[in-house]
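Fold and geometry: a report
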Amino acid sequence: MELNIAVLPGDGIGPEIMKQALAVLDVVAQKCGHVFKYEKALVGACAIDAAGNPYPEATHEVCMRADAVLFAAVGDLKYDNDPTVKVRPEVGLLAMRKKLGLFANVRPVATFECLLHKSPLKDELIRGADFVVLRELTGGMYFGEKYQDNDKAFDTDIYTRPEIERILKVAFEMARTRQHHLTVVDKANVLASSRLWRQIAKEMEPLYPDVRTDYMFIDNASMRVLTEPRYFDVIVTENTFGDILTDETSCITGSMGLQPSASLGEHTPLFEPVHGSWPQAAGQNLANPLAMILSAAMLLEHFGLNEEGALIRRAVDASLDANVRTPEIQVEGGGRYGTKEVGEWIAGYIRES
């Protein structure tokens, strides 16, 4: 297979972890007889510095002509620490999602047996947890009308029926490929937008009689994700709730550096780790590349290259079992490995397997 991949390293640790993901993809391509072609583009703070726009039109054109986008992270301290700046790196990510029509963010959450001890939660709670959070990406408060002055500010939480129906359709169909259980998370007891979500989900529920559907307020869901994670199979929720809930799930895996994701929609699909740019660690060879590498595995699986994706996953599992890990997940007394060394070990495992 030949794939044209838009490569957006972004800011902070992005270029370092992206380098390792591309090295892994290159080994897979060589081993399995594929051709992966890369076209790099700017996004985030580096794009503001170079073009005055966190998502330049040139970058959008690269993404549109690609088969898939592999993206790392955006964010820089000089923008985080200045509340008066007019353009922020994160706006580039929102613009990319909107212009590519990426309305469905897929974040799998699963445990690694050898890393259960890294979670702040008890082993007996999280062992065997395996669920997916489906977050709506292009609606809600992040994109609604906004206003701010010295005394008042508001963000408008707007959703339309078509926006809700399309993400719920993805959720119901995903549940059919898993354990046939869907949990719709909202705040329908308070928010009108959530009541519309629940109304439409109730209307669609009879179309999927093989899926067990239940409904949960976000406050309850945020508690039960940590206390009963094995209860869930597929969770679907709106943009803001999904953003918070998916960061919370890093407590289950033990590190945000282990969580990949996919964003799907109208145009080019995008694959990215769920963590941020960690600018404080940029260039220090500290960042965990596993979420970036697993995002590359999700990319391959999206195009039906399931054996290749599984090969990457086996290599990641093997690296963890061999204690080839970056500092935040290393066991006491384990060896010292950086971003580069972990990536090279995984690439070597694939090459020799």
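Note: the structure precedes this text.
Residue positions within a chain follow its written sequence, with the count starting from 1. Owing to the predicted nature of the model, reporting of local features is limited to residues with pLDDT of at least 70; listing and counting of side-chain atom pairs is limited to 80 or more, with chain, interface and lining totals taken over all residues. To obtain the side-chain values, all non-hydrogen atoms of the structure were used and water was disregarded.

Helix length check: helix 7 (residues 161-176), at 16 residues, gives a terminal C-alpha distance of 22 Å against a target of 22 Å (1.5 Å per residue), a fit within 8%. Taken together, the buried positions of helix 7 are Glu163, Ile164, Ile167, Leu168, Ala171, Phe172, Met174 and Ala175. For helix 7, the angular spread of buried residues about the axis comes to 160 degrees, placing them on one side. Against the buried residues of helix 7 lie strand 4 (102-110), strand 5 (130-136), strand 8 (181-186), helix 8 (192-204), strand 9 (212-217) and strand 10 (234-237). Numbering goes from the N terminus for both helices and strands, where a helix is a DSSP run of H or I of at least four residues and a strand is a run of E of at least two. One less than the residue count of a helix, multiplied by 1.5 Å, gives the span that helix is expected to have. Each residue is assigned to one of three classes by its accessible area relative to the maximum for its type, calculated with a 1.4 Å probe on protein chains only: buried under 20%, partly exposed between the two thresholds, exposed over 50%. What the arc measures is the spread of directions leading from the helix axis to the C-beta atoms. By definition in these notes, contact holds between two residues if any of their heavy atoms fall within 4.5 Å.

We now examine the packing of helix 1 (residues 14-32) against helix 13 (residues 306-321). Remark: helix 1 packs on helix 13, axes separated minimally by 11 Å, with the N-to-C direction vectors making an angle of 130 degrees. Classified by the interaxial angle, the pair formed by helix 1 and helix 13 is oblique. At the point where helix 1 passes helix 13, the crossing takes the right-handed sense. Within the contact between the two elements, helix 1 uses Val24, Val28, Lys31 and Cys32 and helix 13 uses Glu308, Leu311 and Ile312. Only Asp, Glu, Lys and Arg are considered charged in this grouping, and only Ala, Val, Leu, Ile, Met, Phe, Trp, Tyr, Cys and Pro are considered nonpolar; every other residue, Gly among them, is considered polar. Class assignment of the residues belonging to the contact of helix 1 with helix 13 gives a composition of 5 nonpolar, no polar and 2 charged. To get an axis, fit a line to the C-alpha atoms, keeping to the stretch in contact for a helix; angles then go from 0 to 180 degrees between the N-to-C directions. Oblique is the label for any angle not under 35 degrees, not over 145, and not in the 65 to 115 range, which are roughly parallel, roughly antiparallel and roughly perpendicular in turn. In this scheme the handedness of a crossing depends on how the near helix is turned from the far one: anticlockwise by less than a right angle means left-handed, clockwise means right-handed.

Below, the discussion takes up the environment of Thr237. Residue position: Thr237 is located in strand 10. When its relative accessible area of 0% is taken as the criterion, Thr237 is described as buried. C-alpha of Thr237 to C-alpha of Ile218: the two residues are 19 residues apart in sequence and 8.7 Å apart in space. Every residue in contact with Thr237, bar those within four places of it in the chain, is listed here: Leu134, Arg135, Glu136, Val185, Trp197 and Gly242. Pairing of N or O atoms within 3.5 Å defines a polar contact, subject to two protein rules: one partner must be a possible hydrogen donor and the other a possible acceptor, and residues neighboring in sequence count only if both atoms are side-chain atoms. In terms of polar contacts, Thr237 uses its side chain to reach the backbone carbonyl oxygen of Val185, at 2.9 Å.

A few words on the sheet that holds strand 12 (residues 270-273). Each strand in a sheet pairs with another by means of backbone hydrogen bonds, the pair being arranged parallel or else antiparallel. An order of 2-1-3-12-11-4-5-10-8-9 is seen for the 10 strands of this open sheet, with the pairing classed as mixed. Taken across any chain shown, the strands that pair with only one partner, and hence form the sheet edges, are strand 2 (35-40) and strand 9. Direction aside, the axes of adjacent strands within the sheet are offset by 25 degrees on average. Here 6 bridges tie strand 8 to strand 9, and the two strands are oriented parallel to one another. Opposite Leu182, over in strand 9, you have Thr213 as the bridge partner. Lying over the sheet, helix 7 contacts strand 4, strand 5, strand 8, strand 9 and strand 10, oriented at roughly 165 degrees with respect to strand 5. Of the strands in this sheet, strand 5, strand 8, strand 9 and strand 10 are in contact with helix 9 (residues 218-227), which crosses strand 9 at around 105 degrees. Note on pairing: DSSP must find at least two bridges between two strands before they are called paired.

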